[in-house]
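# Chains, contacts and geometry: an overview
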Amino acid sequence: EKLIQRAGFSVFVFADAARKREPADADALLDLDAQIDYQDASGKHVKLPITSRDITVLQGDLTRCALDAQGRPMLVVVLERFVQFQR
């Protein structure tokens, strides 16, 4: 609770296992200093003259928060270590 008070906000995530598609692989985004170049889940090719580091807002031990590379009005939070879902 003290962390929430220090941050000034909290984030709630709601999800279920009934997703219609798998998220797109964006391995190029793992290198923070490489230019952004990937294909999103809809098939759109995203190539920008900036790096992931340029759009990173905050980086912690476990996660990294960045502006959306496609300019949508959202923040994107990713794990610092990618994990694979095991069924």
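All chains use their own residue numbering, which begins from 1 and follows the written sequence. The predicted nature of this model means local features are confined to residues of pLDDT at least 70 and side-chain atom pairs, given and counted, to a pLDDT of 80 or more, with totals for whole chains, interfaces and linings taken over all residues. Heavy atoms from the whole structure form the basis of all side-chain values; hydrogens and water molecules are not counted.

Turning next to the pairing of strand E4 (residues 63-67). Here, any two strands with at least 2 DSSP bridges between them count as paired. Here a helix means four or more residues in a row that DSSP labels H or I, a strand means two or more in a row labelled E, and each is numbered from the N terminus. Sheet analysis places strand E3 (residues 56-59) next to E4, joined by three bridges and oriented antiparallel. Note that in E4 the partner of leucine 58 across the bridge is cysteine 65. Between E3 and the antiparallel strand that follows it, E4, lie three residues. Bridge count for E4 against strand E5 (residues 75-79) is five bridges, and the pairing is antiparallel. Its bridge partner being in E5, arginine 64 is matched across the sheet by valine 78.

Moving on to the confidence of the model for the protein. Residues with a pLDDT of 70 or more make up 79% of the protein, whose mean pLDDT is 80. Mean pLDDT values over the elements of the protein span from 76, in helix H1 (residues 2-7), up to 93, in helix H2 (residues 52-55). As a per-residue measure, pLDDT tells how confident the predictor is, with possible values from 0 to 100.

Glancing now at the pairing of strand E2 (residues 45-51). The side chains of a regular strand alternate, residue by residue, between the two faces of the sheet. Sheet analysis places strand E1 (residues 35-39) next to E2, joined by four bridges and oriented antiparallel. Looking across to E2, one finds that glutamine 35 is bridged to threonine 51. Hairpin geometry of E1 and E2 is characterised by an intervening segment of five residues between the two adjacent antiparallel strands and by a positive phi of about 100° at glycine 43.

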